[in-house]
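Chain by chain, the residues run as shown.
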Amino acid sequence: MTLINTLRIAGLSTLLFAFAGIAAAQGPVSNDTTTTSNLEMDANVQTALQLNISTGTGGATVTGTNASGLFAVDFGNVNGLGLGTPTSGVSVAIDTTGATYTTPINLTPVYSGFTTETADVTVEAGASTNQTIAREGGSAVGVVAVTTAVAAFSDAASDSDNERFVGFRIARTEAAGAKVATLIYTVTMGVD
């Protein structure tokens, strides 16, 4: 094959590919029954992250909405002797100085768009005047007072329920009246 024939074939091939590209997205046509148009789409994928709190197995009912991130649980009537009428699903452990009331909850991190595959959750006390009687932990007997942020759990998959226990420690010397305490849970995407 001569150089001229090679150039002709290359030029003809280039024209055929160009015409094929034009035919693939040809737009308006005359005297034909078919045409096509292409639509290119683009989007900016963002990360999304939330932490849902729900009623644990056999626990007191957690109210609130995932959309707001605001949740609550009512412990009912409690006292330092453990003789109150707590809400159904609340357990009580009594000792010589008071009673500890607990209930299980589920913490469920939900996320999308991250390159890491796990989430870490910490818990810290809110600013209520009754924070000293609030308790949190990995089991009913393991609940402790929370002041500064501490790890609740690590390496959680999206949509996985992670059981925790929350409650109140009511000393026999605790003054009667309504008590409110807040636990603040923070979900952070794990760093691998």
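First, a word on what this report is: a plain description of the structure on this page.

What counts, and where the lines are drawn
Starting from 1, residues in each chain are numbered consecutively following that chain's sequence as written. At least 70 in pLDDT is required for a residue's local features to be given in this predicted model, at least 80 for side-chain atom pairs to be given and counted, and no such filter applies to totals for whole chains, interfaces and linings, which use all residues. Derived side-chain values reflect all non-hydrogen atoms in the structure, with water molecules and hydrogen atoms excluded from consideration. Between 30 and 60 degrees the pair is tilted, below 30 it is stacked and above 60 it is edge-to-face, where a pair is any two Phe, Tyr or Trp rings, Trp via its six-membered ring, whose centres lie within 6.5 Å. Note on conventions: DSSP H or I runs of at least 4 residues are helices, E runs of at least 2 residues are strands, and numbering of each starts at the N terminus. Definitions used for this entry: grid spacing 1 Å over protein atoms alone; cavity, a set of points where a 1.4 Å probe fits but cannot get out; pocket, an open set with protein on both sides within 12 Å along at least 5 of 7 lines; lining residue, one with an atom within 4 Å of a point. Grid points are joined across faces, edges and corners, and a volume is the space filled by probe spheres set on the points. Each residue is assigned to one class: nonpolar for Ala, Val, Leu, Ile, Met, Phe, Trp, Tyr, Cys and Pro, charged for Asp, Glu, Lys and Arg, and polar for all the others, Gly among them. Note on definitions: a residue-residue contact is assigned when non-hydrogen atoms from the two residues lie within 4.5 Å.

### Points about the packing of aromatic side chains
One pass over the structure, following the stated rule, counts two aromatic pairs. The interplanar angle of 80 degrees and the centroid separation of 5.2 Å between the aromatic rings of phenylalanine 75 and phenylalanine 168 together place this pair among those described as edge-to-face. Taken together, the residues phenylalanine 75 in the loop between strand E3 (70-73) and strand E4 (91-95) and phenylalanine 168 in strand E9 (residues 162-171) connect sequence positions 93 residues apart. Relative to phenylalanine 114, the ring of tyrosine 111 has its centre 6.4 Å away and its plane inclined at 80 degrees; by these criteria the two rings are edge-to-face.

### What to know about the layout of surface pockets
Volume-wise, the largest pocket comes out at about 950 Å³. Residue composition of the lining of the largest pocket, by class: 23 nonpolar, eight polar and five charged.

### Let's talk about the environment of leucine 51
Of note, leucine 51 is situated in strand E1 (residues 48-55). When the C-alpha positions of leucine 51 and valine 110 are compared, they lie 6.1 Å apart, and in sequence the two are 59 residues distant. Apart from residues lying up to four places away in sequence, leucine 51 is in contact with Phe71, Leu107, Thr108, Pro109, Val121, Tyr185 and Val187.

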